[in-house]
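# Structural overview for review
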Amino acid sequence: MERLVERLEKAVERLETVCQGPGMCGDGSSKGVAQYVQAFDALLAGPVAEYIKISKEVGGDVQKHAEMVHAGLMSERALLVMASQHQQPTENAFSSLLKPISEQIQVVQNFREKNRGSKLFNHLSAVSESIPALGWVAMAPKPGPYVKEMTDAAMFYTNRILKEYKDVDKKQVDWVKAYLSIWTELQAYIKEYHTTGLTWNKTGPVATEGAKSPSIPRAGAAPPPPGPPPPPAPAPASSSTDDSASRSALFAQINRGEGITSGLRHVSDDMKTHKNPALKNQGGPVRSGPKPFTAPKPACNANPAQKTSLKAPALLELEGKKWRVENQENATNLVISDTELKQVAYVFKCTNSTLQIKGKINSITLDNCKKLGLVFDDVVGIVEIINSRDVKVQVMGKVPTISINKTDGCHVYLSKNSLDCEIVSAKSSEMNVLIPTEGGDFTEFPVPEQFKTVWNGQKLVTTVTEIAG
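This section reports on the structure supplied with the text. Here the residue index of a chain counts from 1 through its sequence in written order. Totals for whole chains, interfaces and linings use every residue, but because this is a predicted model, local features are given only for residues with pLDDT of at least 70 and side-chain atom pairs only at 80 or more, for both listing and counting. Based on all heavy atoms of the structure, the side-chain values leave hydrogens and waters out of the count.

### Points about the overall build of the protein chain
This is how the line gets drawn: Numbering goes from the N terminus for both helices and strands, where a helix is a DSSP run of H or I of at least four residues and a strand is a run of E of at least two. Only protein chains enter the accessibility calculation, which uses a 1.4 Å probe; a residue whose area is less than 20% of its type maximum is buried, one above 50% is exposed, and one in between is partly exposed. Residues are treated as being in contact if the distance between any of their heavy atoms lies within 4.5 Å. Method for areas: the Shrake-Rupley scheme with a 1.4 Å probe, in which residue coverage is limited to the protein chains shown.
Scanning the protein chain from N- to C-terminus turns up nine helices and 16 strands. Relative to its full complement of 469 residues, the protein chain shows a buried share of 36%. Within the protein chain, contacts between residues separated by at least 24 positions form 38% of all contacts whose residues are at least 6 apart in sequence. Carbon and sulfur atoms form 54% of the exposed surface of the protein chain, whose accessible area is close to 28700 Å².

### Here we look at the pairing of strand β1 (residues 315-319)
The condition is simple: DSSP bridges decide pairing: two strands pair if at least two such bridges lie between them.
In the sheet, β1 pairs with strand β2 (residues 322-326) via five bridges, with the strands oriented antiparallel. Each bridged residue has a counterpart across the sheet, and for Glu319 the counterpart in β2 is Lys322. From the end of β1 to the start of β2, which pair antiparallel, there are two residues, and Gly320 there has a positive phi angle of about 70°.

### Thoughts on the environment of Leu355
Along the chain, Leu355 falls in strand β5 (residues 351-361). Put simply, Leu355 and Asn333 are 22 residues apart on the chain and 6.6 Å apart in space, counted from C-alpha to C-alpha. Setting aside chain neighbours within four positions, we find Leu355 in contact with Val325, Leu334, Val335, Ile336, Val347, Gly373, Leu374 and Val375.

### Let's talk about the sheet that holds β1
Through backbone hydrogen bonds, the strands of a sheet pair up, either in parallel or in antiparallel fashion. Quick note on the threshold: Note on geometry: axes are lines fitted to C-alpha atoms, helical ones only across the stretch in contact, with angles between N-to-C directions running from 0 to 180 degrees.
An order of β1-β2-β4-β6-β8-β10-β12 is seen for the seven strands of this open sheet, with the pairing classed as mixed. Each of the sheet's edge strands pairs with one partner strand only, and the pair in question is β1 and β12 (422-426). The sheet shows a mean angle of 10° between the axes of neighbouring strands, direction not considered. Note: strand β4 (residues 344-348) against strand β6 (residues 363-367), five bridges, orientation parallel.

### Some thoughts on helix α6 (residues 143-165)
Filter applied, for reference: A helix is expected to reach a length of 1.5 Å times the quantity of its residues less one. Throughout, bend refers to the angle between the axes fitted to the seven residues that end at a position and the seven residues that start at it.
Helix length check: α6 (23 residues) gives 33 Å between terminal C-alpha atoms against 33 Å at 1.5 Å per residue, within 8%. The principal kink in α6, of about 35°, is found at Met155.

### Focus on the pairing of strand β11 (residues 408-413)
In terms of strand pairing, strand β9 (residues 389-398) meets β11 through five bridges, oriented parallel. Within the sheet, the bridge partner assigned to Arg389 lies in β11 and is Asp408.

### Looking at the nonpolar core
The cut-off we apply is this: The set of buried Ala, Val, Leu, Ile, Met, Phe, Trp, Tyr and Cys residues whose side-chain atoms join them within 4.5 Å is what this entry labels a nonpolar core.
Membership of the largest hydrophobic core comes to 55 residues, with the highest contact counts inside it found for Tyr51, Trp136, Trp175, Trp183, Leu186 and Leu198. Every element with two or more residues in this core is listed here: α2 (35-58), α3 (60-85), α4 (91-114), α5 (121-130), α6 and α7 (170-193). Contacts of Leu186, omitting those with residues within four sequence positions, involve Phe40, Leu43, Trp136 and Val147. Counting 33 residues, the second-largest nonpolar core is a separate cluster that includes Val379, Val393, Val399 and Leu414.

### Topic: unusual backbone geometry
With an omega of 10°, the peptide bond running from Ala140 to Pro141 counts as cis. Topologically, Pro141 is positioned in the loop between α5 and α6. Unusually for a residue other than glycine, Lys349 sits at a positive phi of about 50°. Structurally, Lys349 is set in the loop between β4 and β5. By relative accessible area, which is 42% here, Lys349 ends up partly exposed. Positive phi, close to 55°, is recorded for Asn368, a residue that is not glycine. Topologically, Asn368 is positioned in the loop between β6 and β7 (370-379).

### Description of the packing of α5 against α6
Test applied: Any angle between 65 and 115 degrees counts as roughly perpendicular, while under 35 counts as roughly parallel, over 145 as roughly antiparallel, and the rest as oblique. The hand of a helix crossing depends on one turn: near helix anticlockwise from the far one by less than a right angle means left-handed, and clockwise means right-handed. Residue classes follow a fixed rule: Ala, Val, Leu, Ile, Met, Phe, Trp, Tyr, Cys and Pro count as nonpolar, while Asp, Glu, Lys and Arg count as charged, and any other residue, Gly among them, counts as polar.
Taken N-terminus to C-terminus, the directions of α5 and α6 make an angle of 165°; their axes are 7 Å apart at the nearest point. Between α5 and α6, the angle falls in the class roughly antiparallel. For α5 against α6, the interelement crossing comes out left-handed. Here Asn122, His123, Ser125, Ala126, Glu129 and Ser130 of α5 lie close against α6, whose contacting residues are Met150, Ala153, Ala154, Tyr157, Thr158, Arg160, Ile161, Glu164 and Tyr165. Taken together, the residues of the contact of α5 with α6 break down into seven nonpolar, five polar and three charged.

### Comments concerning the sheet that holds strand β13 (residues 429-436)
Taken in spatial order, the seven strands of this open sheet run β3-β5-β7-β9-β11-β13-β14, and their pairing is mixed. Pairing within the sheet leaves two strands with one partner each, and these edge strands are β3 (334-336) and β14 (442-446). Direction aside, the axes of adjacent strands within the sheet are offset by 15° on average. In terms of strand pairing, β7 meets β9 through six bridges, oriented parallel. Across the sheet, Asp378 pairs through a bridge with Lys398, a residue of β9.

If you want it as structure tokens, here you go:
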């Protein structure tokens with residue numbers, strides 16, 4: 001018994017020694033870790049860990065995507081640690097510090113684009129549409145509402161997942177809840193610690209691109225990735241202190257009043273070019289004033305050849321049960337005729353083109369299309385129009401539902417057999433439904449875009465405003 005007590009005492013001593021180091025105790029009260037960094041760690045250990053766990057159970061593309069999301073969150077944690085120990089940097093330096101996060105956001109979105117044929121495409125799309133929420137650290141003064149907006153962008157796809165798996169696979173439903181809870185908890189976190197923007201340390205050194213935060217590992221998790229490597233030796237430039245001194249000197253000169261002109265040299269008539277034209281013809285460089293401001297050209301236009309080389313190939317093919325019509329430009333005679341009831345059509349990034357789908361199919365989706373005309377016979381499910389602009393859709397037969405989401409400019413021509421069609425719209429504008437007349441023409445009716453909501457004492461009542469028809 002005495003030996004056992006002795007061993008326990010030694011074990012306690014070792015634990016106390018370990019806990020004296022910063023960030024080594026798991027009680028959340030370690031020295032050297034800002035409170036809002038600890039709160040972010042709690043988010044990582046809670047909703048994020050649950051999302052990663054369920055994503056591994058789902059497997060496949062969802063698991064790979066989750067690992068990319070986790071990498072983005074860890075990059076954000078590294079920035080939070082730096083902000084907790086440094087003063088706010090200059091705009092250029094801050095842009096460099098944000099680069100790891102922005103690059104990881106791009107990695108997540110590119111994965112979705114490269115896997116459009118995935119069976120879990122709705123999962124990939126929900127994550128891809130909302131992952132820009134990681135950019136809240138650059139938003140001021142309302143980072144919280146920005147995260148809410150990005151979360152709403154994912155709802156369209158998460159609702160489709162819930163609809164598909166609600167009574168089929170509970171794991172998929174749990175995945176949706178776990179993923180959305182990340183952004184819900186992040187909004188609460190921002191509201192408590194970063195209400196008007198990322199909170200910086202007021203007493204530490206000014207953050208720079210090469211600044212590194214002391215290693216502060218989290219309990220039960222690997223330490224965050226290191227910050228970006230230090231930049232090459234900077235060219236001589238005026239510091240913010242020099243700028244302040246220059247401004248102070250300028251204000252001092254202005255405050256001299258009339259005495260400010262005492263140091264000016266008198267210009268005689270023989271030194272004035274408008275009275276001595278010969279001065280204009282003398283050799284030597286001609287000094288001119290500053291050029292007017294011109295907006296810099298986007299970097300993407302600097303190398304048009306490179307832009308052309310990255311252009312995706314045009315597709316019109318049947319892949320399994322999915323018709324893929326992608327990247328078509330100025331194609332006015334696209335036709336899909338050999339259709340079956342179980343097939344679906346996915347139209348992506350088609351511009352200034354027309355597509356006719358003959359026969360009866362399950363569903364049609366238009367995604368990121370511009371100036372596209374779609375004519376189809378019959379759809380037994382739904383026609384979805386997403387992230388598009390200036391599209392025209394004509395129903396020749398029958399369709400039960402048409403969904404319009406985040407689209408500007410959409411004309412829907414209904415047939416006599418499809419007048420009972422339900423049209424569901426969200427975040428869209430310039431929508432019109434055209435109803436056939438007895439004479440064969442169409443009468444145009446606008447879809448309301450503006451609503452009025454009032455509290456009647458028991459619930460919210462929403463009606464269409466008069467101005468919106």
